[in-house]
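Each chain is listed here by its residues.
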Amino acid sequence: MLTRDELGIIHLVLNTDCNAWDLAATPASPGVCRFCYRERNRVQTDAGTVARVIDRLRHESQADRIVFTGGDPLMPYDNHLEAALQHARTSGFETNLHTNGLLLQDRYAGIREFVSVYSLAVDGPDAESADWFRGQGYFQRFHDNVTMLAADRRTLAFNTFTTEHSVLALPRLARLIGDLADATTVEYWLISQYRPIGRATPKKAQLYGFGREDFLEAVNTVRALVPGIAVFDQPTRDPQDTYPLRIWVLADGTVTADLGSVTAARNAVLGNLLTDGFELLVRRAFDLRAQPPSPKEVTP
């Protein structure tokens, strides 16, 4: 049995594609997230398999939360989200829905009772800044979503990407988030630079690869503006720097892991928990992560 200290959070991927391209491009915004590395859906499963996957997670770990992520888990087709959320909650998991929110209102009625935390992306305090990252109309959709969720007293969380320019607007974004915290519970705020994960480009590095110390100073400044909200920072890492281990489970049972290298093009595929066992695969990830990186992995 994996203890909670060993693994407290599991990321469950129902699909790997995303709908962010639905927003219209303008000269100022791309109509898709500037940092996007999306791909076509590569998860094929059914509701029974998803239930068996969740049962195996419950049986072999003391993890207390499943983060439903992707891609975007609110894609407009039957990816078994509603059934998976309900099964996770009745199995004793807290559930975090990680989404851009573009399709949240379309599926809200079916998921409302089974989501513990709604984690929404917002990269600026107004339409001009937020839409620059994700496309025309994004901030208005975000505003509509948080207004609905706050009125319904749902628990919120936020994630934010920054550039050397937008990081200066974090205090204004902190005030927006603080106002929402006055209306409903806000659990955390994750603020990031850019994780290249083996797919970096010079253009993206120029946008997000500004000074690490400048980024950390900006995040520390806004922590005082949102007391009571956990604020996490995720700076851009150099090739030789590792990032935290995260376990990802695809809804067909495939288990993958971030093993720490920002140069890896994909997560390491460990096996399938329905045949290999979840604890065994996670402990394999622990062992792999403990191995020193090869010279190729630390070459810029």
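Values in this document were obtained by computation on a predicted structure and should not be read as measured data.

Peer 1: Break down the packing of aromatic side chains for me, citing the residues and quoting the values.
Peer 2: In this structure the tally under the stated criterion is five aromatic pairs. Ring centres of F139 and F142 lie 6.0 Å apart, and the angle between their planes is 35 degrees; on these two criteria the pair is classed as tilted. Of this pair, F139 and F142 both sit in helix α5 (residues 138-151), three residues apart, roughly one helical turn. In this structure F139 comes out as buried when scored by relative accessible area, which is 14%. Among the residues examined, F142 registers a relative accessible area of 4% and is labelled buried. Chaining the aromatic ring pairs together yields one cluster made of F139, F142 and F158. In this arrangement the basic side chain of R58 is found over the ring face of F93, its NZ or CZ atom lying 3.9 Å from the centre. Cation over ring: R134 sits above Y138, and NZ or CZ is 5.5 Å from the ring centre.

Peer 1: Go over the packing of helix α3 (residues 104-111) against α5, please, and point to the residues and values.
Peer 2: One can describe the packing of α3 onto α5 by two numbers: an axis separation of 11 Å at closest approach and a directional angle of 20 degrees. Comparing their axes, α5 and α3 come out roughly parallel. For the pair α3 and α5, the crossing hand works out as right-handed. Contacts between α3 and α5 involve L104, Q105 and Y108 on the former and, on the latter, D144, N145, M148 and L149. Here the residues of the contact of α3 with α5 are counted per class, giving four nonpolar, two polar and one charged.

Peer 1: Residues and numbers for the sheet that holds strand β10 (residues 268-272), please.
Peer 2: The mixed open sheet is built from ten strands, whose spatial order is β7-β6-β5-β4-β3-β2-β1-β8-β9-β10. Sheet topology places β7 (230-234) and β10 at the edges, where each strand pairs with a single neighbour. Direction aside, the axes of adjacent strands within the sheet are offset by 25 degrees on average. Pairing of strand β8 (residues 246-250) with strand β9 (residues 254-258) involves four bridges; the strand directions are antiparallel. Of the residues in β9, the one forming a bridge with R246 is D258.

Peer 1: I'd like a rundown of the pattern of salt bridges, residues and numbers included.
Peer 2: For the structure shown, the criterion picks out 13 salt bridges. For D126, the salt bridge is made with R172, and the minimal N-O distance between the two is 3.1 Å. Linking D126 in the loop between β4 (117-121) and α4 (127-134) with R172 in helix α6 (residues 170-183), this pair joins segments that are 46 residues apart in sequence. Of the charged contacts, one joins R223 and D233 as a salt bridge, the two residues approaching to 3.0 Å between their closest N and O atoms. Of the two residues, R223 is situated in helix α8 (residues 212-223) and D233 in strand β7; the sequence distance between them amounts to ten residues. By relative accessible area, R223 is classed as partly exposed at 28%. According to the relative accessible area criterion, D233 is partly exposed, its value standing at 30%.

Rules and cut-offs
- Sequence order sets the numbering: in each chain, residues are counted from 1 along the sequence as written.
- The model is predicted, so local features are restricted to residues of pLDDT at least 70 and side-chain atom pairs to those at 80 or more, both for listing and for counting; the totals for chains, interfaces and linings are taken over all residues.
- The basis for the side-chain values is all heavy atoms of the structure; hydrogens and waters are excluded.
- Pairing of aromatic rings covers Phe, Tyr and Trp, the last counted by its six-membered ring, and requires centre-to-centre distances within 6.5 Å; plane angles under 30 degrees mean stacked, over 60 mean edge-to-face, and any other angle means tilted.
- Only DSSP runs of H or I reaching four residues or more are called helices, and only runs of E reaching two or more are called strands; each is numbered from the N terminus.
- Here the term buried applies to any residue with accessible area under 20% of the maximum for its type, exposed to any over 50%, and partly exposed to those in between, with areas from a 1.4 Å probe on protein chains only.
- Geometrically, a charge over a ring is one whose NZ (Lys) or CZ (Arg) sits within 6 Å of the ring centre while staying within 35 degrees of the ring normal.
- Between N-to-C directions, angles span 0 to 180 degrees; the directions come from axes that are lines fitted to C-alpha atoms, helices contributing only their stretch in contact.
- Here is the rule for angles: anything less than 35 degrees is roughly parallel, anything more than 145 is roughly antiparallel, 65 through 115 is roughly perpendicular, and the remaining ranges are oblique.
- Each crossing is labelled by how the near helix is turned from the far one, with a counterclockwise turn of less than a right angle marking it left-handed and a clockwise turn marking it right-handed.
- Contacts were defined at the residue level, with two residues in contact if any of their heavy atoms lie within 4.5 Å.
- Residues are grouped as follows: Ala, Val, Leu, Ile, Met, Phe, Trp, Tyr, Cys and Pro are nonpolar; Asp, Glu, Lys and Arg are charged; all remaining types, including Gly, are polar.
- Two strands pair if DSSP finds at least two bridges between them.
- Think of a salt bridge as a Lys or Arg side-chain nitrogen and an Asp or Glu carboxyl oxygen that are within 4 Å of each other.

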